[in-house]
Amino acid sequence: MRRIVVLLVGCLLLAATALPGATAKVATGKDVRGPGAAQYDVQLAADATGRTWSGRERIAFTNTTGEPLAEIYLRLWGNAWDGCASPVKVSRFEGGTPGTPTVNCTAVKVTLDQVLAPGKHSAIGFDLVMTAPARLERFGRAGAYSFFGNALPVLAVRDQAGWHLEPDLGIGESYYTLAADFAVRLEHPAALQVPATGVTSAIRRGGTVTATSTAKQVRDFAFAVGVFQQSVLTSPGGVKIRTWWTGTVTPAAVADARTKAMAAIDDLGRRFGKYPYGEVDLVLNDKWLSFSGMEYPGFVLLIAPPGQEGPVVHELAHQWWYGIVGNNEYADPWLDESFAVYSTDLHGGDSQPGCWPGRLDARITNDMAFWKRYGANWGRYVYTYGACLLHDLQRYIGTPAMAKLMKDYATSHWYGVSTPGDFKSAAEAATPKDLAPFWSSHQLS
Ligand SMILES: [Zn+2]
C-alpha cells in the first residue's frame, strides 16, 4: 500500500526454491506452511446496487503443514473496522464446524469433520454475504461505487510458529496468505462493471451479466463494482492494462496512470521476472480515506490526484513484493513496502545517494505491533529507510550483483513466502563480500 503522506496512515505514504509456474508444494523442516495448494470456488450474486453480494464459497486445500490438521482458520478481514457488526457474514458450513469468531470477528476456527493427515486433501464450504460499508476504504464505498478489497474470506496460515491470527491494527497491512487458485463467478446487473483480480469472461443474459474470473497462484481476490469508465491497452511486453475510473477522475489523471503502468509493468518484469498474470486492473478514484494506493493480485486501487505523483508504480511493484514473492505482512512489513519503494526508485532511475541516515532508534525489521506503538512516523522506517537499506546494499555489493540478487531472490521465492533470513541468504549468495559488517551497521544481524 502507498500511504498518503502526512494526512493518512496505511500503504505508499499519498503519499524452498520454486520456479515461475510452480505450484504450492509440501514443505519440510522449519519452512512448513499450510494449508496449501488451495482452490477457491466462489459464486456470488449482487443486489441491484452492487453493494451486497451473497452466495457460496468453497475452499479445497491440502495439508502441507507436515502434521495432522484438526482445524483450519478463516480470516474475515472485512470485519476489521466494524468488528462483530460483521459486514462479512459466513454460515451453513460443510466440511467442518465453525467456532465463535475471534480477533474482532476477523478469525473463525473451523474444526474439520475429520482430522486431515499430512499430504491429504479436504474442503470446506459456507454461505457468504458481504456488504460494502459506507466508508472510503478498500472494503467500502465511494458514492455509487463499491470496493471489495480484503473482503473475501481467505485461509489463515499455520507455520512453525503456529496459526497466524494477528489482528488488523488499522495501519498498513497485517495479511499473510499462501498463493492459491481462484475461480470466482460474479452475477450482477448489466449496468454495472466489475473489475476483478484474474482474467474475466462474461456472459450477458437480459439485464444480468455472469462474469467468471480465474486467477492462478494469487494470495487474494479483490473486485470493485460500479458504472466505471474503462480503457484497455497492451504493454509492449504483452500485459493488458485495464484502467477503470470513477466519474470524478480527470482524463489527464487516467492518461498519466495508464502511461506509467505501461512502462512499469514491463520494466519491473525485466528486473524481477515477467509479470505472470497476463493483465492488471487499475481502479482509479479521486479520494481514499487511509491510503493513496492499495495492492491486490492483478488489481490495484489508486488515487488520481490532479497534477500530483500517483502511486501506480509503487502498487505495481507490490505485484512482485507481497504478491508473487509473499511475506507475512504483520511480522515483516518492510519485506514488501521497502522493496516496493526501492523498485519504484529503480524504475525511476533514482539511486537515493547518501540516503542512509546512520544508526536508527528502531530496527526496520520490527513487526506491525511495534509500529502501531511507535506512532505516526513508522512509515519512514518501513518504507523510506528500508528502501534506503537496499540502495545502500546496492552501493556495497555493486549494481550488477544487486540486480542479480533481486532477480534470483524473486525467482527462488516465486509464489512462495520469504523471510528476512531468506533475503539475507540470497544477498550473501550474490556477492563474495563479507556482509556481516553491513548487516550489523543496519541492525539486521
Ligand atoms: Zn505499499
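Residues numbered from 1 in each chain as written. Predicted model: local features only at pLDDT ≥ 70, side-chain atom pairs only at ≥ 80, totals over all residues.

Asker: What should I look at first to understand the overall build of the protein chain in this one?
Answerer: Of regular secondary structure, the protein chain possesses eight helices and 21 strands. Computed over the C-alpha atoms, the radius of gyration of the protein chain is 21 Å, within 12% of the 22 Å expected from 2.2 N^0.38 for a compact globule of 445 residues. Among the 445 residues that make up the protein chain, the fraction classed as buried is 52%. (Helix = DSSP H or I, 4+ residues; strand = E, 2+ residues; numbered from the N terminus. Rg over C-alpha atoms; globule rule 2.2 N^0.38 Å. Buried ≥ 20, exposed ≤ 12 C-beta atoms within 10 Å, placed from the backbone.)

Asker: What's the story with the sheet that holds strand β5 (residues 96-98) in this structure? I'm lost.
Answerer: In sheet architecture, strand pairing relies on hydrogen bonds along the backbone and comes in two forms, parallel and antiparallel. Spatially, four strands are ordered β5-β6-β3-β10 in an open sheet, and the strand pairing comes out antiparallel. Since the sheet does not close on itself, it has two edges, and those belong to β5 and β10 (154-155), each with one partner. Pairing analysis gives three bridges linking β5 to strand β6 (residues 107-116), with the strands arranged antiparallel. Its bridge partner being in β6, Thr97 is matched across the sheet by Thr111. (Pairing = 2+ DSSP bridges.)

Asker: Teacher, can you tell me more about the nonpolar core here?
Answerer: It is characteristic of soluble globular proteins that their nonpolar side chains tend to be buried jointly. Ranked by internal contacts, the top residues of the largest apolar core, which has 128 residues, are Phe148, Leu282, Leu284 and Leu302. With 11 residues, the top contributor of residues to this core is helix α5 (residues 378-397). Built from parts of two domains, this core gets at least three residues from each of domain 1 (33-317) and domain 2 (334-441). (Core = buried A, V, L, I, M, F, W, Y, C linked by C-beta atoms within 7 Å. Domains from an automatic or database assignment.)

Asker: What should I look at first to understand the packing of helix α1 (residues 251-272) against helix α3 (residues 334-348) in this one?
Answerer: Each pair of packed helices can be described by the angle between their axes along with the distance between the axes. For the pair α1 and α3, the least separation of the axes is 10 Å and the interaxial angle reads 105 degrees. By the criterion of interaxial angle, the relationship of α1 to α3 is roughly perpendicular. Residues Ala264, Asp267, Leu268 and Arg271 of α1 pack against Ser343, Leu346 and His347 of α3. Of the residues contributing to the contact of α1 with α3, the split by class is three nonpolar, two polar and two charged. (Axes fitted to C-alpha atoms, helices over the stretch in contact; angles between N-to-C directions. Parallel < 35°, antiparallel > 145°, perpendicular 65-115°, else oblique. Contact = placed C-beta atoms within 7 Å. Nonpolar A, V, L, I, M, F, W, Y, C, P; charged D, E, K, R; others polar.)

Asker: Would you mind going over the domain arrangement of the protein chain with me for this structure?
Answerer: Put simply, an interface is often sized by how much accessible area is lost when its parts join up. Split into domains, the protein chain comes out as domain 1 (33-317) and domain 2 (334-441). The straight-line distance from the C-alpha centre of domain 1 to that of domain 2 is 27 Å. Of the residues lining the interface, 17 residues belong to domain 1; the matching set on domain 2 comes to 18 residues. Mapped by element, the contributors of at least two residues to the side of domain 1 that touches domain 2 are α1 and α2 (312-317).

Asker: I keep staring at the sheet that holds strand β14 (residues 199-205) and nothing clicks. Help me out?
Answerer: Strand order in this open sheet of seven strands is β4-β7-β2-β1-β13-β15-β14, and the pairing throughout is mixed. The open sheet has two edge strands, β4 (88-94) and β14, and neither has a second partner. Going from strand to strand, the sheet's axes swing by 15 degrees on average, the running direction of each strand aside. Judged from the five bridges that link them, β4 and strand β7 (residues 121-131) form a sheet pairing that is antiparallel. In the strand pairing of β7, Lys89 is matched with Val129.

Asker: Can you walk me through the environment of Glu337 in this structure?
Answerer: If you trace the backbone, Glu337 turns up in helix α3. Using a count of 33 C-beta atoms within 10 Å as the deciding quantity, one classes Glu337 as buried. If sequence neighbours within four positions are ignored, Glu337 has contacts with Val382, Tyr383 and Gly386.

Asker: For this particular structure, what's the right way to read α3?
Answerer: Along an α-helix, a turn takes 3.6 residues, which lines up residues three or four apart on a common side. An ideal rise of 1.5 Å per residue puts 21 Å on 15 residues; α3 measures up with 20 Å between its terminal C-alpha atoms. Most of α3 is tucked away: 13 of the 15 residues are buried. Backbone geometry just after α3 places Gly349 at a positive phi near 70 degrees. (Expected span 1.5 Å × (residues − 1).)

Asker: Before we go on, may I ask you to explain unusual backbone geometry in this structure?
Answerer: With glycine set apart, most residues show a phi of negative sign, and most peptide bonds adopt trans. In this structure, the amide linkage connecting Gly34 to the following residue, Pro35, adopts the cis form with an omega of -5 degrees. Mapped onto the secondary structure, Pro35 falls in the segment before β1 (36-46). Here the phi dihedral of Cys105 falls at roughly 65 degrees; this positive angle occurs in a residue that is not glycine. Examined against the element boundaries, Cys105 turns out to sit in the loop between β5 and β6. At Gln217, a residue that is not glycine, the phi angle is positive and equals roughly 55 degrees. Tracing the sequence through the fold places Gln217 in strand β15 (residues 208-218). Overall, Gln217 belongs to the buried group, with 23 C-beta atoms counted inside 10 Å.

Asker: Even after reading the chapter, I still don't get helix α6 (residues 399-412), so can you show me in this structure?
Answerer: End to end, α6 covers 20 Å across 14 residues, agreeing with the expected 20 Å (1.5 Å per residue, within 8%). All buried positions along α6 are accounted for by Met402, Leu405, Met406, Tyr409 and Ala410. Taken end-on, α6 shows its buried residues confined to a sector of 120 degrees, consistent with a single buried face. Here the buried face of α6 lies against α1, α5 and α7 (420-429). (Arc of directions from axis to C-beta.)

Asker: Quick question: what am I supposed to make of the pairing of strand β13 (residues 180-189) here?
Answerer: Regular strands place side chains that alternate from one sheet face to the opposite one. Bridge count for β1 against β13 is seven bridges, and the pairing is parallel. Looking across to β13, one finds that Tyr40 is bridged to Phe182. Two strands pair when backbone bridges link them, and β13 and β15 are joined in this way by nine bridges, in the antiparallel orientation. Residue pairing in the sheet places Val184 in a bridge with Ser213 of β15.

Asker: Got a minute to help me understand the pairing of strand β9 (residues 145-148) in this structure?
Answerer: Burial along β9 is two-sided: Tyr145 and Phe147 and Ser146 and Phe148, pointing in opposite directions, are all buried. In this sheet, β9 lies alongside strand β8 (residues 139-142) in antiparallel orientation, the contact comprising four bridges. Bridge pairing in β9 places Gly140 opposite Phe147. The hairpin turn running from β8 into β9, its antiparallel successor, is two residues long, and Gly143 in that turn takes a positive phi close to 60 degrees.

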